[in-house]
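Geometric and topological summary
Given next are the chains, with one letter for each unit.
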Amino acid sequence: MKISPRTPWVTGLAVAALALLPATASAGSQRTAAPHADAAAATTATATASVDAYYAAAEGKTGAALKTALHNIIKTQSKVTYEGVWNALKVTDQDPANPNNVILVYSGRSQSKSTNGGGANDWNREHVWAKSHGDFGTATGPGTDLHHLRPEDVTVNSTRGNKDFDMGGSPVSEAPGSFTDSDSFEPRDAVKGDVARMLLYMAVRYDGGDGFADLEVNDKVNNGSAPAIGRISVLKQWNQQDPPDAFEQRRNQVIFDTFQHNRNPFIDHPEWVNSIW
């Protein structure tokens, strides 16, 4: 399946390009509008072609063959150090309404970029695929992969801990709409799909090479230190319930353009989730 020119991040690139063009000087210069529209259309077409080319080796595949093809595409990447993750997140997760802030993934709160750290009300680096699930810690590779690292309130990060993802539990303080119990965490509705697609990216990107464990999703909780996380049945529901929005798509593009130079295929093609799992 090809990405449509109406895909929000593709449209956004065209809008940005159009905004850079000079405004018409007067009502009598309306004839210049057509070249502007042509420029926007050309930008959209270029962006679409670029993404289509990136996934060319995966076209027409399903199941295990699709998973293997995607792994071979996305494993080619630049790597960020764990210290470098701080500054990267200030770019990838910038609040669109306030460039001085980042958006916290579970809390949904807009918070100053400068308040990163270890204090109770600071934000820190949340590993959505808990780093103990496969014992990769903060090693450069899965431990620093921006596609699953997000800013989050220190206290909420601690509450989530290394729990798997599932439905239910008690409300989480400082994370409205999120719930937790003894063995699972449920994020707020607006990022349920984001969480699913981040985890599925990790299961495709890290398959036992690079000196790291073969990460896989399963339909369990209490996975502990096993290189597995669940529950896939719930993650598939979340992927459909919460499709990629403009924030998630922009984030994917920024990681590709500026930092790792690889993409999360399930943001570009959420339908591939059901094709593989």
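Residues numbered from 1 in each chain as written. Predicted model: local features only at pLDDT ≥ 70, side-chain atom pairs only at ≥ 80, totals over all residues. Heavy atoms only, no water.

1. Here's the deal with the packing of helix α6 (residues 192-205) against helix α7 (residues 232-241)
Their axes nearest at 7 Å, the elements α6 and α7 cross at an angle of 125°. The pairing of α6 with α7 is recorded here as oblique in orientation. Between α6 and α7 the crossing geometry is left-handed. For the pair formed by α6 and α7, the contact residues are K192, G193, V195, A196, R197, L199 and L200 on the first element and I232, L235, W238, N239 and Q241 on the second. Within the contact of α6 with α7, the residues separate by chemical class into seven nonpolar, three polar and two charged. (Axes fitted to C-alpha atoms, helices over the stretch in contact; angles between N-to-C directions. Helix = DSSP H or I, 4+ residues; strand = E, 2+ residues; numbered from the N terminus. Parallel < 35°, antiparallel > 145°, perpendicular 65-115°, else oblique. Left-handed = near helix turned anticlockwise from the far one by under 90°. Contact = heavy atoms within 4.5 Å. Nonpolar A, V, L, I, M, F, W, Y, C, P; charged D, E, K, R; others polar.)

2. Examining the packing of aromatic side chains
All chains considered together, the criterion is met by seven aromatic pairs. Measuring from centroid to centroid gives 6.4 Å for F165 and F185, while their planes differ by 90°, and the two rings are edge-to-face. Of this pair, F165 sits in strand β6 (residues 164-165) while F185 sits in strand β9 (residues 184-186); the two residues are 20 residues apart in sequence, bridging distant segments of the chain. Overall, F165 belongs to the buried group, its relative accessible area being 0%. F185 sits in the buried class, given a relative accessible area of 0%. Geometry around Y82 places R125 over its ring, the cationic atom sitting 3.6 Å from the centre. Sitting over the face of the ring of W238, K192 holds its NZ or CZ atom 5.6 Å from the ring centroid. (Phe/Tyr/Trp six-rings, centres within 6.5 Å; stacked < 30°, edge-to-face > 60°. Buried < 20%, exposed > 50% of the residue type's maximum accessible area, 1.4 Å probe, protein only. Lys NZ or Arg CZ within 6 Å of the ring centre and 35° of its normal.)

3. A look at the confidence of the model for the chain
Mean pLDDT over the chain works out to 89, with 84% of the residues at or above the 70 mark. Considering only residues more than four positions removed or in separate chains, one finds that residues 1-33, a stretch of pLDDT under 50, has 42 contacts. (pLDDT = per-residue confidence, 0-100.)

4. A closer look at the sheet that holds β9
Spatially, four strands are ordered β6-β9-β8-β7 in an open sheet, and the strand pairing comes out mixed. Because the sheet does not close on itself, it has two edges, and the strands there are β6 and β7 (170-171). One ladder, built from two bridges, connects β7 with strand β8 (residues 179-180); its direction is antiparallel. For P171, the partnering residue across the bridge sits in β8 and is F179. (Pairing = 2+ DSSP bridges.)

5. Examining α7
For α7, the complete set of buried residues consists of I232, V234, L235, W238 and N239. Buried residues of α7, seen end-on, are gathered within an arc of 155° and therefore sit on one face of the element. On the buried face of α7, the contacting elements are β6, β9, α6, β10 (216-217) and α10 (272-276). (Arc of directions from axis to C-beta.)

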